[in-house]
There are 2 protein chains.
Amino acid sequence: MPGGESPASTIIMEHIRAGLTVPTLLLDEEKCRANIHRMVRKARQAGVRLRPHFKTHQSWEVGRWFREAGVTAITVSSLRMASYFAADGWSDITVAFPVNIREMARIRDLVQQVELNVLVEDLETVHQLDTQLNGPLGIWLKIDAGYHRTGLQPDNLSLIQEILSAIRSSWHLKAKGILAHAGNSYGARGQAEIAQVHQETLAVMQRLRSDLQPSWPDLEVSVGDTPTCSVMEQFPGVDEIRPGNFVFYDATQLAIGSCVPDWVAVALACPVVAVHPWKQEILLYGGGVHFSKDRLPTPAGDCYGYLLDWTAEGWAWPAGTPSPVVSLSQEHGRLAATPELLARVRPGDILPIMPVHSCMTADLLKQYVTLEGKVIDMMHYV
Amino acid sequence: MPGGESPASTIIMEHIRAGLTVPTLLLDEEKCRANIHRMVRKARQAGVRLRPHFKTHQSWEVGRWFREAGVTAITVSSLRMASYFAADGWSDITVAFPVNIREMARIRDLVQQVELNVLVEDLETVHQLDTQLNGPLGIWLKIDAGYHRTGLQPDNLSLIQEILSAIRSSWHLKAKGILAHAGNSYGARGQAEIAQVHQETLAVMQRLRSDLQPSWPDLEVSVGDTPTCSVMEQFPGVDEIRPGNFVFYDATQLAIGSCVPDWVAVALACPVVAVHPWKQEILLYGGGVHFSKDRLPTPAGDCYGYLLDWTAEGWAWPAGTPSPVVSLSQEHGRLAATPELLARVRPGDILPIMPVHSCMTADLLKQYVTLEGKVIDMMHYV
């Protein structure tokens, strides 16, 4: 640094690190905004609508960064989350979860406020919505395009047509299209495998749309998980993509090949509470109630996070092999440590860890601290 | 029921079930109080102090049930949790976690309010506490008695004595004793294996105490996890036990053999959002953000919860093999379903699920509803 002076950002980062006392989720706003802009650009170039999934960040503030980038339509994973974002002015919301008819009161409330879309995969739910609603509701038919978690079987054309007919004859309901989540892309490793999931998903959706075309010419196709949306450039036959995790990325996306280390926009800062040279481990204050118990299978065993390097202005992926968090209990995390690390690290230090699944970690921490020291709140259920 | 009338409790339970709209953690107060009284009785008969771990329930209200049963000393897993329970009048608190010296301000605050004990396993931390404290602090030496998560090696007598000497020469610090958590009991299955962990743990602790006896004659021994405290009757050489999970129990404790199904005092009520006869599954609104991703390995694969039967006054373990939750994503749970279940269950129904790890599920839900309809709050970090 010329003149030996630290830039303002370095001073701020030192100040933040010095003030941390408990596990804290750090958010690099610059990386996060770059992730948003990259996906906005890609969607524009591919000619598809970007309806990002907000379950990852669950935050008004991060949502506004999307709005500043031109996004107007969003996806959420629960009706409560729809209410939370509706209260911040989002007016076009899809709840990408089979609609929970137990929450009819909330649905009735929401359709009065916003353009709401829900997922349906059976006839009975259509009847319930039709008879109990008081305003317009968009319906996407959830299709199982290969992930096998939920959705209509794409070859069950008679049931799909029956549901679409029931929607057509309803006063309040409007069929928007067919929707899939290719969660099976999370099993992919590398571009070729991601591309294969992508092509299989699109093939299923295109075939189904063309089967339905004669009677339902206006159905849209919605797909989009973070791996395929990050790696693929073309989305033939697709009207809308709904990736979510890309706003932060994480160690799982890195293993899949969806991102490079420098795109990961969150790190969990964990206090060191013990150093165990005899078993080459460091004990972190940072456990299952912070990271979640989600794990990344690796050849060396399950991994629950990777140690990053602090830099003057944030963190960086280490030069060599990163030290993995090898197990979690409620509040403890066990970090495998090199001799170099064991010699350097002391109780009371703070280490930055890349989470395995940023959606789950964010959901547990309920708050972010940016590298400029800004505290960003998230939704609370209770 | 004589005269065809439902008892009041049945009517209340029907009312509660009818009102549920989202995943809700139900708490059977009667079973929970019975668990508390059983452990209080056992500790009294064994002649040991019961210092229950409150990280499982994290609630003032449930804590008061312990107080009504005569408990006066508690264990918590974080300094924040210590503050939370101190605010409800608990005055003798052990933080059973290697002390986080980053939170010195909170420690200074707590030692002015309550009799506080923390865990230490290195010399540097003793020096930090000694120089920065303003009031008395009890110190337990954390011993690794076989679990290998953290703690001093019991054969490293020179380091242990060095730490005890440093504590003795401190004005504020007082050595309380040696403490272990036999988390390895969670790998046990059945009484014989639990007994073996118990005996190994006690042997380590007794040997260490007798080694230290000449110079430190007053050290106490603290042990106690839910499996050993539930199954064993004798605690020779032990002064204090600290089980936590027993207040609720769960599917993991059932698999270990710590409890019978009827002792499990919590169930997660989950709305059904889809029924998939073609793959014999029911999709629940209830995922990793509700259950946590903790899993129970079984011969049939990983299990994330078991389906219970509703009864007129709560829930019961089913007569045959219970249906397991076979996978979780953020909001979804996939329940393996029998043909009988598939024929009976519809979207909009609510099913009660026994969680795999009640501590983690409670931590996520942040609230209980009792079978009498009382809402019980828990601590919030943010």
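Procedures and definitions
Residues numbered from 1 in each chain as written. Chains lettered and ligands numbered in written order. Predicted model: local features only at pLDDT ≥ 70, side-chain atom pairs only at ≥ 80, totals over all residues. Pairing = 2+ DSSP bridges. Helix = DSSP H or I, 4+ residues; strand = E, 2+ residues; numbered from the N terminus. Contact = placed C-beta atoms within 7 Å. Axes fitted to C-alpha atoms, helices over the stretch in contact; angles between N-to-C directions. Buried ≥ 20, exposed ≤ 12 C-beta atoms within 10 Å, placed from the backbone. Parallel < 35°, antiparallel > 145°, perpendicular 65-115°, else oblique. Nonpolar A, V, L, I, M, F, W, Y, C, P; charged D, E, K, R; others polar. Left-handed = near helix turned anticlockwise from the far one by under 90°. Domains from an automatic or database assignment.

Residues and elements named next belong to chain B. In spatial order, the strands read β2-β9-β8-β7-β6-β5-β4-β3; together these eight strands make up an open sheet with parallel pairing. At either margin of the open sheet sits one strand with a lone partner, and together these are β2 (49-50) and β3 (74-76). Pairing of β3 with strand β4 (residues 92-98), which is carried by three bridges, proceeds in the parallel orientation. Residue pairing across strands places Ile74 opposite Ile93, the latter belonging to β4. Along the sheet, helix α4 (residues 79-86) makes contact with β3, β4 and β5 (115-120), crossing β4 at roughly 165°. Strand contacts of helix α7 (residues 157-168): β5, β6 (137-142) and β7 (173-179), with the helix running at about 150° to β7, the strand carrying the most contacts.

Residues and elements named next belong to chain B. Neither face of strand β1 (residues 24-27) is open: one carries Thr24 and Leu26, the other Leu25 and Leu27, and all of them are buried. Of the pairings in the sheet, the one linking β1 to strand β10 (residues 266-276) comprises four bridges and is antiparallel in character. In the strand pairing of β10, Leu27 is matched with Val266. When β1 meets strand β20 (residues 367-370), the two strands line up parallel, connected through two bridges. If you follow Leu27 over to β20, its bridge partner there is Thr370.

Here we come to the packing of helix α6 (residues 123-132) of chain A against helix α7 (residues 157-168) of chain A. Residue and element names in this part refer to chain A. As a packed pair, α6 and α7 sit with axes 9 Å apart at the nearest point and diverge in direction by 5°. On the basis of the axis angle, α6 is roughly parallel to α7. Only Glu162, Ile163, Ala166 and Ile167 of α7 make contact with α6, whose side of the interface consists of Leu123, Val126 and His127. Of the residues belonging to the contact of α6 with α7, the class tally is five nonpolar, one polar and one charged.

As a further point, take the packing of α4 of chain B against helix α5 (residues 104-113) of chain B. Residues and elements named next belong to chain B. Here α4 crosses α5 at 30°, and the two axes come no closer than 10 Å. When the interaxial angle is binned, α4 and α5 end up roughly parallel. Of the two elements, α4 crosses α5, and the hand of that crossing is left-handed. Facing Leu79, Ala82, Ser83 and Ala86 of α4, the residues of α5 in contact are Arg106, Ile107, Leu110 and Gln113. Taken together, the residues of the contact of α4 with α5 sort by class into five nonpolar, two polar and one charged.

What follows is about the domain arrangement of chain A. Residue and element names in this part refer to chain A. Domains assigned within chain A are domain 1 (2-27 + 265-377) and domain 2 (30-248). Using only C-alpha atoms to locate each centre, domain 1 and domain 2 end up separated by 34 Å. For the side of domain 1 that touches domain 2, the secondary-structure elements that each account for two or more residues are α13 (358-365) and β21 (375-377). Partitioned by chemical class, the residues of the side of domain 1 that touches domain 2 number six nonpolar, one polar and two charged.

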